[in-house]
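Chain and residue survey
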Amino acid sequence: MSGEEEENAAELKIGEEFLKAKCLMNCEVSLILEHKYEQLQQTSDDPMNQVSQVFEKSLQYVKRFSRYKNPDAVRQVREILARYQLAEFELCVLGNLCPETVEEAIAMVPSIKTRGRAQDDEAIEKMLNDLSLIKKFE
């Protein structure tokens, strides 16, 4: 991104390195941290001895704000959102915040309507319905 161009997440102007980065939803981070926590518990007589306070707080945070708990549901969410050719940033915002209406989705991620591959309202509605089904049956 040029030095003169201002970053603007609404238009997906978030910096070249961030556009190329792999983003994770809170539910994905939760699964990773839970797995690491289990590993630490197995390798130590005193599990609290090897877990830092930052690690614990991070795990608590992602568990609290994860919309999906089941590993299969987490995988399905990413697969559904990936079908819509979303940028990683867009995918994670929608996966974390779980908007219920097209208007909410556009308010949270305006770039889904403004970028070159702009989604129509029907496609966004279908995407949100697919996500709500996962949540309902989790």
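Please refer to the structure placed before this passage.
Residues numbered from 1 in each chain as written. Predicted model: local features only at pLDDT ≥ 70, side-chain atom pairs only at ≥ 80, totals over all residues. Heavy atoms only, no water.

1. Focus: the overall build of the chain
- Looking only at helices and strands, the chain features 9 helices and 0 strands.
- In sequence order, the secondary structure elements of the chain are arranged as α-α-α-α-α-α-α-α-α.
- Put simply, 60% of the contacts in the chain that link residues at least 6 apart link residues at least 24 apart.
- Taken as a whole, the chain presents about 8800 Å² of accessible surface, with 50% of it coming from carbon and sulfur. (Helix = DSSP H or I, 4+ residues; strand = E, 2+ residues; numbered from the N terminus. Contact = heavy atoms within 4.5 Å. Areas by Shrake-Rupley, 256 points an atom, 1.4 Å probe, with all protein chains shown as cover.)

2. Quick look at helix α4 (residues 53–65)
- For α4, built from 13 residues, the straight-helix expectation of 18 Å at 1.5 Å per residue is met to within 8% by its first-to-last C-alpha distance of 18 Å.
- Along α4, the positions that sit buried rather than exposed are Phe55, Leu59 and Val62. Buried residues in α4, looked at end-on, bunch into an arc of 75 degrees, giving them a common side. The outward face of α4, more than 90 degrees from its buried face, is lined by the exposed residues Gln53, Val54 and Arg64. (Expected span 1.5 Å × (residues − 1). Buried < 20%, exposed > 50% of the residue type's maximum accessible area, 1.4 Å probe, protein only. Arc of directions from axis to C-beta.)

3. Looking at the pattern of salt bridges
- Summed over all chains, the structure comprises 8 salt bridges.
- Where lysine 22 meets glutamate 88, a salt bridge forms, and the shortest distance between an N and an O atom there is 3.9 Å. Note that lysine 22 is positioned in the loop between α1 (16–20) and α2 (26–43) and glutamate 88 in helix α6 (residues 88–97), a separation of 66 residues in sequence.
- A salt bridge links lysine 135 to glutamate 138; its shortest N-O distance comes to 3.7 Å.
- Looking at lysine 135, the relative accessible area reads 40%, which means it is partly exposed.
- Exposure remark for glutamate 138: the relative accessible area of 35% places this residue in the partly exposed category.
- In this structure, a network of salt bridges that share partners links the residues Lys22, Glu28, Arg78 and Glu88. (Salt bridge = Lys/Arg side-chain N within 4 Å of Asp/Glu carboxyl O.)

4. Structural notes on the packing of α2 against helix α5 (residues 71–82)
- Remark: α2 packs on α5, axes separated minimally by 10 Å, with the N-to-C direction vectors making an angle of 140 degrees. Between α2 and α5, the angle falls in the class oblique. Considering the relative orientation of α2 and α5, their crossing is left-handed. Residues Cys27, Glu28 and Leu31 of α2 form the contact with α5, whose own contacting residues are Pro71, Val74 and Arg78.
- A per-class count over the contact of α2 with α5 returns 4 nonpolar, no polar and 2 charged. (Axes fitted to C-alpha atoms, helices over the stretch in contact; angles between N-to-C directions. Parallel < 35°, antiparallel > 145°, perpendicular 65-115°, else oblique. Left-handed = near helix turned anticlockwise from the far one by under 90°. Nonpolar A, V, L, I, M, F, W, Y, C, P; charged D, E, K, R; others polar.)

5. Some points on the environment of cysteine 23
- Structurally, the position occupied by cysteine 23 is in the loop between α1 and α2.
- Residue classification places cysteine 23 among the buried residues on the basis of a relative accessible area of 11%.
- Sequence-distant contacts of cysteine 23, defined by excluding residues within four places in its chain, comprise Phe18, Glu28, Arg78, Glu88, Phe89 and Cys92.

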